[in-house]
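Secondary and tertiary structure notes
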Amino acid sequence: MSTAAATAPIGGGARANTQSGIVIPEGYTLHTENNSHILISSKDEAFLNPVQEFNRDLSVACIRVWSEMINMEKEAKWNQAQERRARRTTTDATEGKEIKKVKGASQNWCQDALFAVPCLLTDTFGLVDDVCGSSLSAAQAEGHDTRVTGTLQTAEGFTKNKEYRPYKFVLLEALSATGLRSIRYAKEIPLVRFVIANDLSESATAAMRRNVDLNGLAPSPETGEGKVRVNEGDACALMYNHRTEKTRVDAVDLDPYGTAAPFLDAAVQAVNDGGLLCVTCTDLAVLATTNYFEKCFSNYGGIPVKAEYCHEAALRLVLNTISTSAGRYGRYIEPLLALSVDFYVRLFVRVHCGPVEVKKAASNTSMYYICSGCQSFSAQKLGRTIEKINEHTGAKNYQFKTQVGPPVPSECPDCGFPLHVSGPMWSGPLHNTEFVSKVLEHVEGNLDKYGTSARMRGMLTVAKEELHTPFYFTPAKVAGFFHCTTPSLEDVASALLNAGSDVSRSHACPGSLKTNASRTDIYDVFRCWVRKHPVKMDKISNTSPAAQLLAKEPRAEADFTKHPKSVTQSSKVKLVRYQQNPLPNWGPGSKASGIKRKRTGEDNE
């Protein structure tokens, strides 16, 4: 299978691509991913980075698994509602109660609890739903239907058969550029009802319409609507127009050129309860270093980290921005998968409604004190949640308290160097292990459908095993602080495991480890390692971090005997976990120049 093939007949007139049978006009290049094709103009009318194929493959897989998961949730609630109606109808018939008939209405839309489902009601049986009259959005209304699966008995003794039809969702891609991502969603995800593909650029929307037609997704003559619906306009304005309950969409995808921060406030309001928010940020020069910390604070409301685990800190900064944006509207987030990939971060987050969970957000937010010498860190949570269970009813009651601090003195307790403040950032889990397992299972069953399936398997396998604790470290970096030879990953992992700590790999950095052991415990392992592999002290300055770290004795002797859990599933199999250079001079790519949009009279006003 050719996943990303391009033919570029820039001159000499139009010619046909031999594999796809598509006629390529003069001045265009054909780009193919999976079974989707787009024509790229030599005029640079819209931005496309072929290196981001992994991002698009991963997005297709994650959104597909999420859609199946939310469909199962809605089906379970639908079945529960059917059972309740059946029991109520049977009880009424037994007690001799009459069921009133509905006149002049043969079909009503009903909504039970938090999910909507159409219930066909007929005058023949005179059924009345206790939840009728609730309103639905157009996207929700067309996403449900009924077929024959269960039987409901009425007072007259007749039966009414219904079946749940899979829920089809609406996805909004706010910044579509060439439309390749939206086209792939429409063609590769079975439960998509339609995709709204938006861009502010006139040249980009023209390219989208051309590519939508090329893939057979053009609007039908009967309805005038297609599976990919192109919109030209401001992304935030479009999402704000979808913020009311009746107009919300089920999923929002943000993949901007640079930061996604300006779009997050609108995005968290435009997505349905339990919906999916997909976010890409490519500004790691701001997120993953302190060179532009003032810009990071203005974009994300937090100070970044200057340490080897800066890419994980970047993920947590973005998650905190999404969490605080959602919290303003009584919503909270559930991170499903958050990955640091190459030159960007990609996050998949569910957005829920719930006032109690919103109050817990402070307990999942922390400031971090980072040592400027040995990069050890200490967390300062902003709040704490106390859970109390009622002995009689079993109900849970929550108390929310402020946190005592600071957790450390002004100097690092390990090496004596000054501490720098970073955050606030998300301190909860980065991934939902159950969700990651389902995505991995889907990928392994569809390896031929993704051009980057090998790397997807590797990244997802590591993410599945990853501990839900911040942050990772590399033995090579810590060994540099001690000026000693570097122990192997297996040696360090075995020593920590033998001491009773948990250990995993991290997806964000090759050769890294995550553990729930303290930084001091890690340093004790290296002090014991130094005993077996002595350090030449004559070249170490008395004021260096190494001198301070080596001056202390380990609190316990480390056991480097090989532990059976030191070799994880991801290290047993040769998996492509990290990106190999796909092209010369590859990276974020240059922004498309496109055709400049003419200013209208409204713009001037």
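Reading the values: the criteria
- Residues numbered from 1 in each chain as written.
- Predicted model: local features only at pLDDT ≥ 70, side-chain atom pairs only at ≥ 80, totals over all residues.
- Heavy atoms only, no water.
- 1 Å grid on protein atoms, 1.4 Å probe; cavity = no way out; pocket = protein on both sides within 12 Å on 5 of 7 lines; lining within 4 Å.
- Points joined across faces, edges and corners; volume = space filled by probe spheres on them.
- Nonpolar A, V, L, I, M, F, W, Y, C, P; charged D, E, K, R; others polar.
- Axes fitted to C-alpha atoms, helices over the stretch in contact; angles between N-to-C directions.
- Helix = DSSP H or I, 4+ residues; strand = E, 2+ residues; numbered from the N terminus.
- Parallel < 35°, antiparallel > 145°, perpendicular 65-115°, else oblique.
- Left-handed = near helix turned anticlockwise from the far one by under 90°.
- Contact = heavy atoms within 4.5 Å.
- Expected span 1.5 Å × (residues − 1).
- Buried < 20%, exposed > 50% of the residue type's maximum accessible area, 1.4 Å probe, protein only.
- Salt bridge = Lys/Arg side-chain N within 4 Å of Asp/Glu carboxyl O.
- Pairing = 2+ DSSP bridges.
- pLDDT = per-residue confidence, 0-100.

Over the atoms, a rolled probe matching the size of one water molecule traces out where space is still vacant. Considered as a void within the structure, the second largest pocket measures approximately 390 Å³ in volume. Contributing to the lining of the second largest pocket are 20 residues, with Phe377, Ser378, Ala379, Ser518 and Arg519 lying nearest its centre. In terms of residue class, the lining of the second largest pocket is built from 13 nonpolar, five polar and two charged.

Their axes nearest at 9 Å, the elements helix α11 (residues 433-444) and helix α12 (residues 453-465) cross at an angle of 155 degrees. In terms of orientation, α11 and α12 fall into the roughly antiparallel class. For the element pair α11 and α12, the recorded crossing hand is left-handed. Of the residues in α12, those touching α11 at Thr433, Val436, Ser437, Val439, Leu440, Val443 and Glu444 are Ser453, Met456, Arg457, Leu460, Thr461, Ala463 and Lys464. Of the residues in the contact of α11 with α12, the class split is seven nonpolar, four polar and three charged.

Let us look at helix α9 (residues 310-327). Counted at 1.5 Å a residue, the expected span for α9 with its 18 residues is 26 Å, and the 25 Å between its end C-alpha atoms agrees. For α9, a buried count of 15 out of 18 residues is recorded, marking the element as mostly surrounded by other parts of the structure.

For Ser506, the location among the structural elements is in the loop between β23 (503-505) and β24 (513-515). Residue classification places Ser506 among the buried residues on the basis of a relative accessible area of 0%.

All right, on to the pattern of salt bridges then. Counted under the stated rule, the structure contains 24 salt bridges. Salt-bridge contacts for Arg555 lead to Asp524; the nearest nitrogen and oxygen are separated by 2.9 Å. In this pair, Arg555 sits in the loop between α16 (545-551) and α17 (569-572) while Asp524 sits in helix α15 (residues 519-532), placing the two residues 31 residues apart along the sequence. A residue is classified by how much of its surface remains accessible, and Asp524, at 6% relative accessible area, is buried. Arg531 is paired through a salt bridge with Glu557; the nearest N and O atoms lie 2.7 Å apart. Placement of the pair is Arg531 in helix α15 and Glu557 in the loop between α16 and α17, with a sequence separation of 26 residues. One salt-bridge network, held together by shared partners, links Glu33, Arg56, Asp57, Arg184 and Glu188.

All right, on to α12 then. Turn by turn, an α-helix covers 3.6 residues, leaving residues three or four places apart pointing in a common direction. Here α12 spans 18 Å end to end across 13 residues, near enough to the 18 Å set by a 1.5 Å rise per residue. Listed in full, the buried residues belonging to α12 are Ser453, Arg455, Met456, Gly458, Met459, Leu460, Thr461, Val462 and Ala463.

A word on the sheet that holds strand β11 (residues 192-199). Pairing is mixed in the open sheet, where seven strands are placed in the order β12-β11-β10-β13-β14-β16-β15. Strands at the two margins of the open sheet, each flanked by one partner only, are β12 (228-232) and β15 (331-341). Sheet twist, expressed as the average angle between the axes of neighbouring strands with direction ignored, equals 15 degrees. Here strand β14 (residues 271-281) pairs with strand β16 (residues 344-353) via seven bridges, running antiparallel. Across the sheet, residue Thr280 finds its bridge partner in β16, namely Arg346. Across the face of the sheet, helix α1 (residues 53-94) comes into contact with β10 (169-173), β13 (249-254), β14, β15 and β16 while running at roughly 15 degrees to β16.

What follows deals with the confidence of the model for the chain. Residues at a pLDDT of 70 or more form 79% of the chain, whose mean pLDDT is 84. Scored below 50 in pLDDT, residues 99-139 shows 95 contacts in the model against residues more than four places distant or in partner chains. Note that residues 154-159 has pLDDT below 50 and, in this model, 13 contacts with residues that lie over four places away or in other chains.

Our focus in this paragraph is the sheet that holds strand β18 (residues 377-381). Taking strand neighbours across the sheet as the criterion, the three strands line up as β18-β17-β21 in an open arrangement whose pairing is antiparallel. The two strands at the open ends of the sheet, each matched to only one other strand, are β18 and β21 (419-426). Strand-to-strand twist across the sheet, computed as the mean angle between neighbouring axes with direction ignored, equals 25 degrees. Pairing of strand β17 (residues 365-371) with β18 involves five bridges; the strand directions are antiparallel. Considered in β18, the bridge of Ile370 is made with Phe377. Across the sheet, α9 lies against β17 and β21, angled at about 50 degrees from β21, the strand it touches most.

Looking at the secondary structure, you find Ile189 in the loop between α3 (180-188) and β11. It is 7.0 Å that separates the C-alpha atoms of Ile189 and Val60, two residues lying 129 residues apart in sequence. Apart from residues lying up to four places away in sequence, Ile189 is in contact with Val60, Ile63, Arg64, Ser67, Phe169 and Arg184.

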